[in-house]
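Breakdown of the fold
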Amino acid sequence: MQKIVFDHVTKYFGSHKAVNDAHFTIQEGEFFTLLGPSGCGKTTLLRTIAGFYRQEEGDIYFGDKKINDVPTHQRNIGMVFQNYAIFPHMTVFENVCYGLKARNVSKSEMQQRAMEALEMVELAHLKDRVPSDMSGGQQQRIALARAIVIRPGLLLMDEPLSNLDAKLRVKMRSDIRRLQKELNITTIYVTHDQEEALAVSDRIAVMSEGVIQQIATPEDIYAYPANRFVSNFIGTSNIIEGHCTGYDESAHVAACS
Ligand SMILES: Nc1ncnc2c1ncn2[C@@H]1O[C@H](COP(=O)(O)OP(=O)(O)O)[C@@H](O)[C@H]1O
Ligand SMILES: [Mg+2]
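Next up on the list: the overall build of the protein chain. On a plain count of helices and strands, the protein chain comes out with 8 helices and 12 strands. For 257 residues, the compact-globule estimate of 2.2 N^0.38 gives 18 Å, and the C-alpha radius of gyration of the protein chain, at 20 Å, lies within 12% of that figure. Dimensions of the protein chain, computed from the C-alpha atoms along their principal axes, are close to 70 × 40 × 35 Å. Evaluated residue by residue, the protein chain yields a buried proportion of 46% over its 257 residues. When the accessible area of the protein chain is evaluated, it comes to approximately 12900 Å², of which 49% is carbon and sulfur surface. Positive and negative side-chain charges in the protein chain, numbering 27 and 31 respectively, have mean positions lying 7 Å apart.

Let us look at the sheet that holds strand β5 (residues 65–66). With antiparallel pairing, the 4 strands of this open sheet are ordered in space as β2-β1-β4-β5. Looking along the sheet, the strands with just one partner apiece sit at the ends: β2 (16–26) and β5. Here strand β1 (residues 4–13) runs beside β2; their pairing, made up of 7 bridges, is antiparallel. Pairing of K11 across the sheet is with V19, part of β2. In this fold helix α1 (residues 42–50) packs onto β1, β2 and β4 (57–62), with an angle of close to 120° to the strand it touches most, β1.

On to the site of ligand 1. As a structural note, the neighbourhood of ligand 1 is formed by F13, H16, A18, P37, S38, G39, C40, G41, K42, T43, T44 and Y53. G39 is positioned with one of its backbone polar atoms (N or O) 2.6 Å from an oxygen atom of ligand 1. Considering ligand 1 on its own, with 560 Å² of exposed area, one finds that the protein chains cover 59% of that surface. Elements that contribute at least two residues to the shell around ligand 1 include exactly β2 and α1. Counting residues per element, the shell around ligand 1 draws most heavily on α1, which supplies 3 residues. Within the shell around ligand 1, the residues separate by chemical class into 5 nonpolar, 6 polar and 1 charged.

Quick look at the side chain of T33 now. Mapped onto the fold, T33 is located in strand β3 (residues 31–35). Residue T33 is classed as buried on the basis of its relative accessible area of 0%. Within the structure, T33 has its side chain in polar contact with the side chain of S201 (distance 2.6 Å).

We note that H8 has phi near 50°; this positive angle belongs to a residue other than glycine. Along the chain, H8 falls in strand β1. Its relative accessible area of 39% is what places H8 among the partly exposed residues. Phi at E122 is positive, roughly 60°, even though this residue is not glycine.

Another aspect to go through is the sheet that holds strand β8 (residues 186–191). Taken together, 6 strands build an open sheet; the order of strands is β6-β7-β8-β3-β9-β10 and the sheet is mixed. If you trace the sheet from one side to the other, it starts and ends with β6 (77–80) and β10 (211–216), each paired once. The average angle at which neighbouring strand axes cross in this sheet is 15°, direction not considered. Where α1 meets the sheet, its contacts fall on β3, β6, β7 (154–158), β8 and β9 (203–208), and the angle it forms with β7 comes to roughly 150°.

Attention now moves to the packing of aromatic side chains. Per the stated rule, a full pass over the model turns up 6 aromatic pairs. Centre to centre, the rings of F31 and Y189 are 5.4 Å apart; their planes meet at 45°, and the pair counts as tilted. On the criterion of sequence distance, the pair formed by F31 in strand β3 and Y189 in strand β8 is long-range, its members being 158 residues apart. According to the relative accessible area criterion, F31 is buried, its value standing at 0%. Taken together through their ring pairs, the aromatic side chains of F6, F24 and F32 make up a single cluster. If you follow R47 out to its NZ or CZ, it ends over the ring of Y53, 4.9 Å from the centre. Positioned above the aromatic ring of F93, the side-chain terminus of K127 is 5.9 Å from the ring centre.

Calculation rules
Residues numbered from 1 in each chain as written. Chains lettered and ligands numbered in written order. Predicted model: local features only at pLDDT ≥ 70, side-chain atom pairs only at ≥ 80, totals over all residues. Heavy atoms only, no water. Helix = DSSP H or I, 4+ residues; strand = E, 2+ residues; numbered from the N terminus. Rg over C-alpha atoms; globule rule 2.2 N^0.38 Å. Buried < 20%, exposed > 50% of the residue type's maximum accessible area, 1.4 Å probe, protein only. Areas by Shrake-Rupley, 256 points an atom, 1.4 Å probe, with all protein chains shown as cover. Lys, Arg positive; Asp, Glu negative; His and termini not counted. Charge placed at Lys NZ, Arg CZ, Asp CG, Glu CD. Pairing = 2+ DSSP bridges. Contact = heavy atoms within 4.5 Å. Axes fitted to C-alpha atoms, helices over the stretch in contact; angles between N-to-C directions. Near = heavy atom within 4 Å. Polar contact = N/O pair within 3.5 Å; in protein donor to acceptor, adjacent residues only side chain to side chain. Nonpolar A, V, L, I, M, F, W, Y, C, P; charged D, E, K, R; others polar. Phe/Tyr/Trp six-rings, centres within 6.5 Å; stacked < 30°, edge-to-face > 60°. Lys NZ or Arg CZ within 6 Å of the ring centre and 35° of its normal.

Purely spatial values, then, with no claim about function.
Have a look at this one:
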């Protein structure tokens, strides 16, 4: 999959702009995170990329191809959500095969690819179990295996760790990051947890009220927040009021009085 381009994308609910003029490019193989408080438009933006919603304004491109009118099932996207959305009555193995069945893959290839995906998420030994008697973390690994087994050009994850306890979240996020780099899948990850975003991302887009406030690396978001919102949201920071009396391009802090 090539890069993903958002060209002035706006999504309305009634007169409310849930996503307001999103304009940015995600590079091939990048781990890109949408970070912001609840209700800021992260899920709406993700659902628009997936094709569940159609933006009212602007265009979305996968590489050079405009995909505005391409239906979800033809976008070659793997998805993982907060609630695992796996089938409780099917075995782990059957859950992972599910996405391949619709794709006319031969039985032997299906077997091989499903086992490969299960090994990647360290669940091969549990392939014959049913998810209903497995832990939240294991269920989320099944969802991840099911998303990657189709070899998607783009992986979308919406708060995948929110239902897990704190310790498991830290382990899972580093596993997700490792897998993403191994497979080199362009990934868009949604979270409201700044620490998680800083830990896993190549770049982060911080959102507030439908508007992207800043896009930068974790280091730059942390050290050089673009505005007061980003600074507050990212956490421990001092804001000192002042009046700017001079500015030097080499200086990080302008002279204030
Ligand atoms: N289907 C919908 N119909 C109407 N309003 C919606 C719908 N989905 C989300 N919204 C509104 O759009 C805004 C962004 O929501 P959402 O994308 O779910 O935020 P987030 O994922 O960042 O918590 C919120 O104000 C929410 O109430
Ligand atoms: Mg959401």
